[in-house]
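One-letter residues, chain by chain:
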4 protein chains.
Amino acid sequence: MEDQSHEERWRQRTEIPLAVASLLFLGAYATRVLAHGLPQPWRDVCVVVALATWALFAVDYAVRWRMSGLGLKYVRTHGLDTLVLLLPLLRPLRVVRLYEAVQMRHGEPRLTLYARVMVYAGLSAVLLGFSGALAVYQHEHAAPGANIRTFGDAVWWTCTTLSTVGYGDLAPVTFVGRLVAIGLMACGLGLLGAVTGSFSSWLIQVFTLEGDKREQRGRH
Amino acid sequence: MEDQSHEERWRQRTEIPLAVASLLFLGAYATRVLAHGLPQPWRDVCVVVALATWALFAVDYAVRWRMSGLGLKYVRTHGLDTLVLLLPLLRPLRVVRLYEAVQMRHGEPRLTLYARVMVYAGLSAVLLGFSGALAVYQHEHAAPGANIRTFGDAVWWTCTTLSTVGYGDLAPVTFVGRLVAIGLMACGLGLLGAVTGSFSSWLIQVFTLEGDKREQRGRH
Amino acid sequence: MEDQSHEERWRQRTEIPLAVASLLFLGAYATRVLAHGLPQPWRDVCVVVALATWALFAVDYAVRWRMSGLGLKYVRTHGLDTLVLLLPLLRPLRVVRLYEAVQMRHGEPRLTLYARVMVYAGLSAVLLGFSGALAVYQHEHAAPGANIRTFGDAVWWTCTTLSTVGYGDLAPVTFVGRLVAIGLMACGLGLLGAVTGSFSSWLIQVFTLEGDKREQRGRH
Amino acid sequence: MEDQSHEERWRQRTEIPLAVASLLFLGAYATRVLAHGLPQPWRDVCVVVALATWALFAVDYAVRWRMSGLGLKYVRTHGLDTLVLLLPLLRPLRVVRLYEAVQMRHGEPRLTLYARVMVYAGLSAVLLGFSGALAVYQHEHAAPGANIRTFGDAVWWTCTTLSTVGYGDLAPVTFVGRLVAIGLMACGLGLLGAVTGSFSSWLIQVFTLEGDKREQRGRH
């Protein structure tokens, strides 16, 4: 019980600094990729900021692991935390957690189960797509024979990919660009499948509740 | 109980006018986009009709919200109504509701849960696709380098997009056209996922019932 | 109880003739479309055979409806039969039914629920795809600017469409070809979604059973 | 009970040899296809090794079938084993089984139901994709008018196909290449649908557990 409360206190104290660090990480990465005119020293600053915030997340994860006293079992029971550690671009999800923490102080969590899955998976997919568009743009925009030339193209390509529509008007041609695309498909389609599945379950739930309500009303 | 019956009476009285207004809205928007030869005054009439009917829906939503006396809780518990308010092109769904209201007077609702989800989500997807085709046609048909030239092309493009097949023989090239396409994917794929999921569940239900019936018959 | 046994007897007596008629129907349609060198009289024979078998199915449906004495309720409770009546190219499914009827005489049906859904929906999708390929080939192979030139092309196009991959190396360009394609997407994707969903459920069931068995074995 | 323990002992004794044979099979096939400069005798060795290991699997299947004393019922109740026998390129899944067998000795299996389905179906899809890429590369890379020229192209094409994105920048043009592609779609999409579905279910489970834990914590 003592350890539990230790971990709780740690979590509460680090909530806001980590949320700020998450936004810093994403901002530094995006600036590094998109701002072409940036002088070299500033570009180095961006890299340092990104690495520093990543180190911060690793420290936070290690401290919480240590506190839990669970050994390897922790990795399995906190699968989501581990995944987020390995994919730092999903970090800004912390902001969602912050939003929930604020809600907790005003009573119950506001969102139903399906809505929470949709929000988490949907936001993860959006952030994954944003970082994927950044990475593909970085490796494709100057490659010979490439057709993804602007960041707008990269975003459009990401949307057609994540929706599995895949018009093929734009497609990566470099090795790294295709690797990023494969990673994007593997992660993004799972996440969006979860969003679609939850939306479907939620819709069925809404219709079931409406049917019950109507039946009840019919009895009066 | 008094408020409940107030809301009920409001709902019953506004059912038919709102269904008519929904069709007016869609008709005005479609005429505005498709009828190229229409003189300017008539085009303005279309815009005015569309805005007026939208205002009507907002008033209806506000009145029902007020009547419920639930505050912000109403927005959450009537999620479908709120969504439909924000996407006025989904309005003609009112006609489905009218059909159901007529059925209610003759006893129970006729459709099973899965069938109702399929009908609602499927019709929503059809209407979304129709309005998406309208919007894409409007922004693409005169753009340089565009390949969506006729409304028939736009409808075909919409079908290949919503089914996620995405041949790529036609694809939007303008900024607004791509924005509409992304919105169409985001909403449409969720809705069609719900249709496919419900169809699958319904099919399993049909086979379960048939198996039970056969077993029962086998016993006699 | 008397009506039930009447319907049963009718069903048993018509089982084999209807299965033969189903194959005749598909054969006549396919011959009509694929055999270019066929003299006109034979082509007319094919059309007559197809229409005659369709009429046969309609008569069978009407007789069973009449026997059930259920009125419109019959249409709803026998949804699958009604669907098959409207899409005669799904008729050869009768053969699956015949196979099941044979199995019934040797005790219980052999296939589990999910396997039956997979077999029915999968076979329906295959037959739908075959007839879709026939129809698209018929309308595209001689059209100016078309790229679906042989029946092999049409089959390949059908597979890329039903899997929603949609490379776009082949795509219909005529109005009727696109209409058929839209129908194929609407029906086929629902059916294949049911196959995928059932396969997924079946796999989870297999793993659950295996886990139980292993656990049990572990206890000994 | 005696038969059961016989089968158990057989399974335990053949576990490691079969896992090695599986890797041999895949290695021989891949070498045969990818190593162009290999002299003819070595190519023949590869074919012989592949056929010999396949024969080994057939013998193992036959022995276990015989031991079970179940007749045809065995084929149905061990569906996964039968499938793996018919698609020898899925054989390396044995390695997953080996990993599980090792875990079994240290107590319970470590992975939850959904995680196990994801690992099995996901690994199967990866191996299926790898062998599909090999086969398509073999038949396409020297065909006139083909655009899949290197093994890297084949892998990229496989990923865009299995994710159903299908850009169409690369697509098979030969008869055999298209046949392999159709088989890849039919098997791969089912497997990946199972992965996506299990991931979705797992995510909902994680959120349910987290919600329960939080509620519990809130009560203290």
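Look above for the structure.
These remarks concern the structure in this document. (Residues numbered from 1 in each chain as written. Chains lettered and ligands numbered in written order. Predicted model: local features only at pLDDT ≥ 70, side-chain atom pairs only at ≥ 80, totals over all residues. Heavy atoms only, no water.)

This part is about the overall build of chain A. Across its full length, chain A carries 8 helices and 0 strands. The proportion of buried residues among the 220 residues of chain A is 47%. Taking as baseline every contact in chain A between residues at least 6 positions apart, the subset at least 24 positions apart corresponds to 65%. Split by element, the accessible area of chain A, about 11,000 Å² in all, is 67% carbon and sulfur. (Helix = DSSP H or I, 4+ residues; strand = E, 2+ residues; numbered from the N terminus. Buried < 20%, exposed > 50% of the residue type's maximum accessible area, 1.4 Å probe, protein only. Contact = heavy atoms within 4.5 Å. Areas by Shrake-Rupley, 256 points an atom, 1.4 Å probe, with all protein chains shown as cover.)

When chain A is fitted onto chain D, the two copies agree to an RMSD of 0.0 Å after a turn of 90° and an axial shift of 0.0 Å. The superposition of one copy onto the other is thereby described by a four-fold rotation axis. The fraction of interface residues of chain A whose copies in chain D are also interface residues is only 12%, indicating that the copies meet through different surfaces. (Least-squares fit on C-alpha atoms with pLDDT ≥ 70 in both.)

Facing the 32 residues of chain C at the interface are 21 residues of chain B. Overall, the association of chain C and chain B removes approximately 2,500 Å² of surface from exposure, summing both partners, and the carbon and sulfur fraction of that is 67%. The interface formed by chain C and chain B holds 1 salt bridge in total. Between C:Arg178 and B:Asp153 there is a salt bridge; the shortest N-O distance is 3.5 Å. Applying the counting rule to chain C against chain B returns 3 residue pairs in polar contact (both at pLDDT 80 or more). Counting residues per element, the ones that place at least two in the side of chain C that touches chain B are helix H1 (2-34), helix H5 (94-104), helix H6 (113-140), helix H7 (151-162) and helix H8 (175-219) of chain C. Here the side of chain C that touches chain B gets 10 residues from one element, more than from any other, and that element is H8(C). A breakdown of the residues in the side of chain C that touches chain B according to their chemical character gives 19 nonpolar, 8 polar and 5 charged. (Buried area = accessible area lost by both parts, 1.4 Å probe. Salt bridge = Lys/Arg side-chain N within 4 Å of Asp/Glu carboxyl O. Polar contact = N/O pair within 3.5 Å; in protein donor to acceptor, adjacent residues only side chain to side chain. Nonpolar A, V, L, I, M, F, W, Y, C, P; charged D, E, K, R; others polar.)

Here the focus is the pattern of salt bridges. Residues and elements named next belong to chain C. Considering all chains together, one arrives at 8 salt bridges over all chains under this definition. Here Arg64 ties to Asp60 by a salt bridge, and the two come within 3.0 Å at their closest N and O atoms. Residue Arg64 and its partner Asp60 are both found in helix H2 (residues 40-68); the two are separated by 4 residues, about one turn of the helix. Of the two residues, Arg64 and Asp60, both sit in the buried class.

Before going further, it helps to spend a moment on the relation of the copies chain C and chain B. At an RMSD of 0.0 Å, chain C and chain B line up after a rotation of 90° and a shift of 0.0 Å along the axis. When the interface residues of chain C are mapped onto chain B, a mere 12% of them are again interface residues, pointing to distinct binding faces.

This part is about the side chain of D:Ser200. As for its position among the elements, D:Ser200 is in helix H8 (residues 175-219). With sequence-adjacent residues up to four places away left out, D:Ser200 is seen in contact with A:Gly193 and A:Ala194.

With that out of the way, let us pick up the environment of A:Trp202. Residue and element names in this part refer to chain A. Considering the arrangement of structural elements, one finds Trp202 in helix H8 (residues 175-219). Judged by relative accessible area, Trp202 falls into the partly exposed class, the value being 22%. Sequence-distant contacts of Trp202, defined by excluding residues within four places in its chain, comprise Tyr114 and Met118.

It is worth spelling out the interface of chain A and chain D at this point. With 33 residues of chain A at the contact, the number on the chain D side is 22 residues. Summed over both partners, the interface of chain A with chain D comes to about 2,500 Å²; 67% of that surface belongs to carbon and sulfur atoms. The interface formed by chain A and chain D includes 1 salt bridge. Applying the counting rule to chain A against chain D returns 3 residue pairs in polar contact (both at pLDDT 80 or more). At the level of secondary structure, the elements contributing two or more residues to the side of chain A that touches chain D comprise helix H1 (2-34), helix H5 (94-104), helix H6 (113-140), helix H7 (151-162) and H8 of chain A. No other element matches H8(A), which puts 10 residues into the side of chain A that touches chain D. Looking at the side of chain A that touches chain D residue by residue, the class counts come to 19 nonpolar, 8 polar and 6 charged.

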